[in-house]
Amino acid sequence: MTDRAEPIARIRLSRSLPRLLVLPFLALLAGAAAIAAGLLVISGTAGLLVAGLGGVVALASLVAAAQLLSIRLEVEEAAVRVSRLGGGRTYGLVPGPVTRVRFRGDNPSSLRASRRFLPWQLGRAVLRDEEAIEVVRLAPTPTAILVPTDRGRLAIAAANEEALLEALSLAARARQRLEELAREAPPEPEPPPQPEPEFPAPAVELDPALMTGIERALHERRLAEARDADALLAEERAAAGLEAEEPSPSVEQPPVPAAERRGRRRLPRPGWTARPGPSAAIFVLPLIAAGAAWGAALLLDRMPAPGTELGRITALALVLAGPVTTVAAIMARVYWPRIAAVVIAGGLATALFVGRALLG
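Residues numbered from 1 in each chain as written. Predicted model: local features only at pLDDT ≥ 70, side-chain atom pairs only at ≥ 80, totals over all residues. Heavy atoms only, no water.

A short note on the sheet that holds strand S2 (residues 72–75)
For the record, the criterion: In this scheme, strands are said to pair when DSSP sees at least two bridges between them. Every helix listed is a DSSP run of H or I at least four residues long, and every strand listed is a run of E at least two residues long, numbered separately from the N terminus. To define axes, lines are fitted to C-alpha atoms, for helices over the stretch in contact only, and angles between the resulting N-to-C directions are given on a 0 to 180 degree scale. What makes two residues a contact is simply this: any of their non-hydrogen atoms within 4.5 Å.
One open sheet accounts for four strands, arranged S1-S2-S3-S4; its pairing is antiparallel. One side of each edge strand has no neighbouring strand; the edge strands of this open sheet are strand S1 (9–11) and strand S4 (87–92). Shown here is a sheet whose adjacent strand axes are inclined to one another by a mean of 20°, direction ignored. Note that S1 and S2 share three bridges and pair antiparallel. Counted as the bridge partner of Ile-11 is Leu-73 from S2. Lying over the sheet, helix H3 (residues 161–184) contacts S1, S2 and strand S3 (79–84), oriented at roughly 35° with respect to S2.

Concerning the sheet that holds strand S6 (residues 111–113)
One key point about sheets: their strands pair by backbone hydrogen bonds, in either a parallel or an antiparallel sense. Taken in spatial order, the six strands of this open sheet run S5-S9-S10-S8-S7-S6, and their pairing is mixed. Each having just a single partner strand, strand S5 (99–102) and S6 make up the two edges of the open sheet. The sheet shows a mean angle of 35° between the axes of neighbouring strands, direction not considered. Sheet topology note: the strand S8 (residues 131–137)/strand S10 (residues 152–156) ladder contains three bridges and is parallel. Its bridge partner being in S10, Val-135 is matched across the sheet by Ala-155.

Digging into the side chain of Thr-314
With respect to the helices and strands, the residue Thr-314 is situated in helix H7 (residues 309–335). In contact with Thr-314, not counting residues within four places along its chain, are Met-303, Pro-304, Val-354 and Leu-358.

Some remarks on the packing of H7 against helix H8 (residues 340–359)
The cut-off we apply is this: Each angle gets one of four labels, with under 35 degrees taken as roughly parallel, over 145 as roughly antiparallel, 65 to 115 as roughly perpendicular, and the rest as oblique. What makes a crossing left-handed is the near helix being turned counterclockwise from the far one by less than a right angle; a clockwise turn instead makes it right-handed. In this classification, the charged set is Asp, Glu, Lys and Arg, the nonpolar set is Ala, Val, Leu, Ile, Met, Phe, Trp, Tyr, Cys and Pro, and all remaining amino acids, among them Gly, are polar.
For the pair H7 and H8, the least separation of the axes is 8 Å and the interaxial angle reads 165°. On the basis of the axis angle, H7 is roughly antiparallel to H8. In this structure, the crossing between H7 and H8 has a hand that is left-handed. On the side of H7, the interface is formed by Thr-314, Ala-317, Leu-318, Ala-321, Thr-325, Ala-328, Ala-329, Ala-332 and Arg-333, while H8 contributes Ala-340, Val-343, Ile-344, Gly-347, Thr-350, Ala-351, Val-354 and Leu-358. Broken down by class, the residue content of the contact of H7 with H8 amounts to twelve nonpolar, four polar and one charged.

Side note on a nonpolar patch on the surface
Defined as follows: For patch building, the residue pool is restricted to those with more than 30% relative accessible area and no salt bridge; the joining distance is 9 Å between like charges and 5 Å between nonpolar side chains (Val, Leu, Ile, Met, Phe, Trp, Tyr). Areas reported here follow the Shrake-Rupley algorithm with a probe of radius 1.4 Å; residue values treat only the protein chains shown as occluding. When a carboxyl oxygen of Asp or Glu is within 4 Å of a side-chain nitrogen of Lys or Arg, the pair counts as a salt bridge.
Side chains of Ile-282, Val-284, Leu-285, Leu-287, Ile-288 and Leu-348 sit close together on the surface and give an oily, nonpolar patch of about 460 Å² of accessible area. Among the elements that take part in the nonpolar patch, helix H6 (residues 285–299) stands out by supplying three residues, more than any other. Mapped onto the elements, Ile-282 comes out in the loop between helix H5 (258–265) and H6.

A closer look at the layout of surface pockets
Here is the rule we go by: With a 1 Å grid laid over protein atoms only, a set of points is called a cavity when a 1.4 Å probe fits there but cannot get out and a pocket when it is open yet has protein on both sides within 12 Å along at least five of seven lines; lining residues have an atom within 4 Å of a point. Grid points are joined across faces, edges and corners, and a volume is the space filled by probe spheres set on the points.
Reported here for the largest pocket is a volume of approximately 720 Å³. Only helix H1 (17–41), helix H2 (44–69), S3, S4, strand S7 (121–127) and S8 provide two or more residues apiece to the lining of the largest pocket. Per element, the largest residue contribution to the lining of the largest pocket is six residues, and it comes from H2. Among the residues making up the lining of the largest pocket, the classes are represented as 17 nonpolar, eight polar and five charged. When its volume is computed, the second largest pocket comes out at roughly 270 Å³. Looking at the second largest pocket, it is lined by 20 residues, and the ones nearest its centre are Ser-43, Gly-44, Leu-48, Ala-305 and Pro-306. Put simply, the parts of the chain that give the lining of the second largest pocket at least two residues each are H1, H2, H6 and H7.

Focus on the packing of aromatic side chains
The way to describe two aromatic rings as a pair is by their centre distance and the angle between their planes. Note the following rule: Centres within 6.5 Å are what make two rings of Phe, Tyr or Trp a pair, Trp counting through its six-membered ring; a difference in plane orientation under 30 degrees is then read as stacked, over 60 as edge-to-face, and the rest as tilted. We call a charge positioned above a ring when the Lys NZ or Arg CZ atom is no farther than 6 Å from the ring centre and deviates by at most 35 degrees from the ring normal.
For the structure on display, the rule yields zero aromatic pairs. It is Arg-151 that lies over the ring of Tyr-91; its NZ or CZ is 5.8 Å from the centre.

So, the confidence of the model for the protein chain
Note the cut-off: Each residue gets a pLDDT score, which is the predictor's confidence in that residue and runs from 0 to 100.
Looking at the protein chain, pLDDT values average 78 and 79% of them are 70 or higher. Counting contacts from residues 199–204, a segment whose pLDDT is below 50, to residues more than four positions away or on other chains yields zero contacts. Counted against residues more than four places away or in other chains, residues 242–254, with its pLDDT under 50, gives 15 contacts.

Let's talk about the pattern of salt bridges
Worth spelling out the cut-off: Under the scheme applied here, a residue whose accessible area is under 20% of the maximum for its type counts as buried, over 50% as exposed, and between as partly exposed, the area being computed with a 1.4 Å probe on protein chains only.
If you walk through the whole model with that rule in mind, you get nine salt bridges. The partner of Arg-89 in a salt bridge is Glu-134, with the nearest N and O atoms 3.7 Å apart. Note that Arg-89 is positioned in strand S4 and Glu-134 in strand S8, a separation of 45 residues in sequence. What makes Arg-89 partly exposed here is its relative accessible area of 32%. Across the pair Arg-100 and Glu-162 runs a salt bridge, and its minimum N-O distance is 4.0 Å. Of this pair, Arg-100 sits in strand S5 while Glu-162 sits in helix H3, and the two are 62 residues apart along the sequence. With relative accessibility at 53%, the residue Glu-162 sits in the exposed group. Several salt bridges share partner residues, and in doing so they unite Arg-10, Arg-72 and Glu-74 into one network.

Right under this line is the structure:
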């Protein structure tokens, strides 16, 4: 269950599918060609490597296309959220004018995105070569709406600009109503004063083992002052010929636990000896498992001939269990961290089954 409020409106963005999908489509064709060349034309280890690289490129192209097609924009009471598959970004609305900027026609404004080679504009950009803004423009629209946010102005290329302006107006009115209700709300009553106790509470003797560092230091300093005073009094009595009195048991230093004494003598641990976090080497386990199955099959002469149908299927299974699973696990760690372990476990299981079938 999420804590985010229901958005006021979902704004349909202006999209140009040819511009959005041209690069993923070319990458998908390149990956498919590499897979076909590695399995049908190139034989041996080089063919498997080419096929694995093609599978990685094809998978990355599909993920990129899915992310571009899933971009959507939502207007909330106090923010504008741009979300996509695997994440998103929230821009808090701030007071300021909402304006329209023109990219074509009379007196057009220049908009230069941070990644100029892409056919779409998403993320950071520079307006008129002087103002750093954020932009969501998935089609070559002639205009865009500039919205003031806490991250700078946000340029939005919506399919219906009037709907976007209406949603921003509703958000401003809703925010104004909330502020008025907060001002009109009666102040919270102050809690009644607690009556003071007629008699002071007795002092509580704390266990030195339960004291904090400052409390223990103050306690030890008081004990040292009391011992010095007793020693000075004993010297004065001895000089006067009187028998020294026994020290008061109330100022006797309490025993320090052995664990605390060991803790005082402990040296600080250097930073380089700190316990390391989880290693990223877990993501190459499917690659290692597939390579081990392949190497064992070659060593024992159990690998099918590369030109046969069984050899192509076996090579494809090892590529999917190894390089493709590693790339999928890395992408899952970035976008869907909770399923990364499932992806790795699936690749390991696939490599285990293929190796078991090869070794008999």
